Amino acid sequence: MGSIANKHELDKSPKRFLPSIATMSMGSPAHALDTKLKAAASKGFLGIELYWDDLHAYSFLLGNQVSDAGETAASRRRALLCAASEVAKLAETLGLRIISLQPFRNFDGLRNREVRRQRVDEFKLWLAVARELGTDTIGVPSTLPTVRGEDYTGDVEAAAEDLRQLCRLAKEEGIRVAYENLCFAAYVQDWEEAWERIRLAGEVGNLVFLPDTFNLCGRRYMDPEEESGRAAHASANLQASLERLVDVVPMSKMPILQVADAERLEVPLTEDHPWRKESGLVPLMALSRNARLFPFEKRGYLPILHVIQILAEAGWEGWVSMEVFTRTAAVPGERTIWEHADRAWRSWQKLADSMGWAVRPEM
């Protein structure tokens, strides 16, 4: 894969690349959120992406809720806002920026009116929580393939209108909507499909694109049903896709880059693989949920460094977020949190060294 830097007039001013980590990268919601923040800060991370399920679980840990079954909408709101306030205070004490709240799932293409009304109300709660956290970004991934098909549509204009609606609500609070393609999604699997919906949504101002190295590689490079883990013509197809991306998408529209590798499996993810047989997941989603890795870890096989080099050469800068879903994060105990935070920081160090970035940049 060759360099494409000569296609761009690069800004010669120093770029900022800031290390961040998603809270679910350090453990499941059963692991204490406050410990995750302490672990992230102690390693040197400057920011976190806050996973909603972690915050929800933390609200129980604080004693603000009794049970899901017994909570009312009002008590749930109070508990979550209280938890958000505590998390914001802790993050400030630790010197951490909460760079996003995510993921607000399964909204684009939603046509079930009753469910849609409920989800809009839910998004309003997310906005209140985001404001309490002090974050300016909510991550909105494309709809999962696990939803009821009759409730959703893949219509491009419908999805664009859905994004417009979220942006109108978020704009009042000074919050951005960061739309992300999931390579295993029901409809919007590739970055080009996501960008088309962002483009059709119009110049709403607070709609940005959320790239993820795993998802950028997903449809072009990966095929977990193959023994090699790679699709046919993987390198050439990914290179062509990345060249289009940097030509089409303004780098300023990507304030956060989520970074994850994938594990090269010993056994292909065919239909009889336990990760699929027991869950019914499509191959790329089964891989994503169980076998992401931090960059430069053993058995990782995606050209993550090349992807990041292309974006940086095109002028990208911003938050670099270690965003890994993995079966190892489900292991009980506080040790899991510290081990994953340590793995993530070692990966950041190797990435920063490889790219010539400051390992410990100023905020």
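Predicted model, so just to flag it, every value in this text is computed and none were measured.

Helices and strands together make up the secondary structure of the protein, namely 12 helices and 10 strands. Relative to a compact globule of 363 residues, whose C-alpha radius of gyration would be 21 Å, the protein shows 20 Å and is just as compact. With 363 residues in all, the protein has 56% of them scored as buried. For the protein, the proportion of contacts with a sequence separation of at least 24, taken over those separated by at least 6, is 81%.

Bringing the packing of helix α8 (residues 234–248) against helix α11 (residues 304–313) into the picture now. At a closest axis distance of 10 Å, the pairing of α8 and α11 adopts a crossing angle of 25°. Looking at the two axes, α8 sits roughly parallel to α11. Regarding α8 and α11, the two cross each other, and that crossing is right-handed. Contacts from Leu 238, Gln 239, Leu 242, Leu 245 and Val 246 of α8 reach α11 at His 306, Val 307, Ile 310 and Leu 311. Its residues placed into classes, the contact of α8 with α11 shows 7 nonpolar, 2 polar and no charged.

This part is about the environment of Phe 123. Note on placement: Phe 123 falls in helix α4 (residues 113–133). Judged by its relative accessible area of 0%, Phe 123 falls in the buried class. Each C-alpha atom, one on Phe 123 and one on Leu 166, is 7.8 Å from the other, the two residues being 43 residues apart in sequence. Filtering out sequence-adjacent residues up to four positions away, Phe 123 remains in contact with Phe 104, Ile 138, Leu 166, Leu 169, Ala 170 and Val 177.

In a regular helix each residue adds 1.5 Å, so 22 residues correspond to 32 Å; helix α3 (residues 73–94) covers 31 Å between its end C-alpha atoms and thus fits that length. Among the residues of α3, Ser 75, Ala 79, Leu 80, Leu 81, Ala 83, Ala 84, Ser 85, Val 87, Ala 88, Leu 90 and Ala 91 are the ones counted as buried. The elements touched by buried residues of α3 are α1 (33–43), β2 (47–51), α2 (52–61), β3 (97–102) and α4.

By the element assignment, Cys 217 lies in helix α7 (residues 213–221). Between the alpha carbons of Cys 217 and Asp 261 there is a distance of 9.3 Å; along the sequence they are 44 residues apart. Residues within four places of Cys 217 in sequence aside, it is in contact with Met 222, Leu 238, Leu 302, Pro 303 and Val 307.

Take the confidence of the model for the protein next. Per-residue confidence for the protein gives a mean pLDDT of 94, with 94% of residues at or over 70. Note that residues 2–11 has pLDDT below 50 and, in this model, 18 contacts with residues that lie over four places away or in other chains.

Next up on the list: the pairing of β2. Counting buried positions along β2 gives 5 out of 5 residues, so the element sits mostly inside the fold. Residues of β2 alternate between two faces, with Gly 47, Glu 49 and Tyr 51 on one and Ile 48 and Leu 50 on the opposite face, all of them buried. Here 3 bridges tie strand β1 (residues 17–22) to β2, and the two strands are oriented parallel to one another. Residue pairing in the sheet places Ala 22 in a bridge with Glu 49 of β2. Handedness of the β-α-β unit built from β1, α1 and β2 comes out right-handed. The pairing of β2 with β3 spans 5 bridges and is classified as parallel. Note that in β3 the partner of Glu 49 across the bridge is Ser 100.

Another aspect to go through is the packing of aromatic side chains. By the definition in use, this model includes 9 aromatic pairs. Look at Trp 348 and Trp 357: their rings are 5.9 Å apart centre to centre, the planes differ by 35°, and that puts the pair in the tilted class. According to the relative accessible area criterion, Trp 357 is buried, its value standing at 11%. An aromatic cluster is built from Trp 52, Phe 104, Phe 107, Phe 123 and Trp 126, whose rings are joined through pairwise contacts.

About the cut-offs
- Residues numbered from 1 in each chain as written.
- Predicted model: local features only at pLDDT ≥ 70, side-chain atom pairs only at ≥ 80, totals over all residues.
- Heavy atoms only, no water.
- Helix = DSSP H or I, 4+ residues; strand = E, 2+ residues; numbered from the N terminus.
- Rg over C-alpha atoms; globule rule 2.2 N^0.38 Å.
- Buried < 20%, exposed > 50% of the residue type's maximum accessible area, 1.4 Å probe, protein only.
- Contact = heavy atoms within 4.5 Å.
- Axes fitted to C-alpha atoms, helices over the stretch in contact; angles between N-to-C directions.
- Parallel < 35°, antiparallel > 145°, perpendicular 65-115°, else oblique.
- Left-handed = near helix turned anticlockwise from the far one by under 90°.
- Nonpolar A, V, L, I, M, F, W, Y, C, P; charged D, E, K, R; others polar.
- Expected span 1.5 Å × (residues − 1).
- pLDDT = per-residue confidence, 0-100.
- Pairing = 2+ DSSP bridges.
- Right-handed = clockwise from strand over helix to strand, strands pointing away.
- Phe/Tyr/Trp six-rings, centres within 6.5 Å; stacked < 30°, edge-to-face > 60°.

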